[in-house]
Amino acid sequence: MVEKVKLIKTKILSEKWGILNEIKFKLKSSRGEWLDLKRESYDTGDGAAVLLYNPKTKKIILTRQFRLPTYLNGNPGGMLTEVCAGLLDKDSPEECVLKEAEEETGYRINNPLKVAETYMSPGSMTEIMHLFIAEYNENMKVSEGGGLEEEQEDIKVLQMDFNEAWSMMRTGEIKDAKTIILLQHLKLEGFIE
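Along every chain, residues carry numbers that run from 1 in the direction the sequence is written. Given that this is a predicted model, residues contribute local features only at a pLDDT of at least 70 and side-chain atom pairs are listed and counted only at 80 or more, while totals for whole chains, interfaces and linings are drawn from all residues. No hydrogens and no water enter the side-chain calculation; it runs on all heavy atoms of the structure.

A. The arrangement of helix α3 (residues 162-171) in detail. Among the residues making up α3, those that are buried are F162, A165, W166, M168 and M169. Buried residues of α3, seen end-on, are gathered within an arc of 160 degrees and therefore sit on one face of the element. Exposed and facing more than 90 degrees away from the buried side of α3 are N163, R170 and T171. Residues are treated as being in contact if the distance between any of their heavy atoms lies within 4.5 Å. The helix count covers DSSP runs of H or I at least four residues long, the strand count covers runs of E at least two residues long, and both are numbered beginning at the N terminus. Residues of α3 that are buried sit in contact with β5 (59-66), β6 (79-82), β10 (156-161) and α4 (177-188). Of the residues trailing α3, G172 is marked for its positive phi of about 90 degrees. Throughout this description, buried means an accessible area under 20% of the type-specific maximum (1.4 Å probe, protein chains only), exposed means over 50%, and partly exposed covers the range between. An arc is given here, and it is the one of the directions from the helix axis to the C-beta atoms.

Structure (structure tokens):
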């Protein structure tokens, strides 16, 4: 295999939550010349997300919470509607979605189905997001959800008809990429008719 990247120097710019690196490297262009480049890369770890759906009632579970970066980029109020998700930490992607679903939505799910792995923002972040869907029903409800107090989470649990969420996606009210991908997956693969 022909070498196309030569890492030259990595400098840590910040490591408060994740690690923000400035990386100097050489990249071999399609014309065969070596380019000297410098980029920043943010590493917060990989994550996992799950969309809960009920094929009988045609309802889904989403969450709504404040997301500072969206507020800073023009989202009035900073609230974002999205699927439940979290960082893997030391868990497997499957363990992560089981834990996050219970903490955030109050539902104890089982048998999540992995549908994709995706880089959510490959121009600046190393994060791979593992995407899942999982069936739920009211018998799986074990708590109110809403997130963990010790993590200062303040999450509203939304149970809604799939068609309402689909409409919110189509009008731009749902802007979160992982949520859009998972809603489209449910519809395209016929999990909810």
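B. Summary view of the environment of L183. Assignment of secondary structure puts L183 in helix α4. Here the alpha-carbon distance between L183 and N163, two residues 20 residues apart in the chain, equals 9.9 Å. In this structure L183 touches L51, I60, F162, A165, W166, M169 and I174, once residues within four positions along its chain are discounted.

C. Local environment of the sheet that holds strand β3 (residues 34-43). The strand order across the open sheet formed by 3 strands is β1-β2-β3, and the pairing between neighbours is antiparallel. Strands with a single pairing partner mark the edges of an open sheet, and in this sheet they are β1 (5-14) and β3. Neighbouring strand axes in the sheet, compared pairwise and without regard to direction, differ in orientation by 20 degrees on average. Two strands form a pair only when DSSP identifies at least two bridges running between them. Of the strand pairs in this sheet, strand β2 (residues 19-28) and β3 are connected by 10 bridges, and their pairing is antiparallel. Paired with K28 across the strands is W34, a residue of β3. To get an axis, a line is fitted to the C-alpha atoms, and for a helix only the part in contact is used. The angle between two axes follows their N-to-C directions and goes from 0 to 180 degrees.

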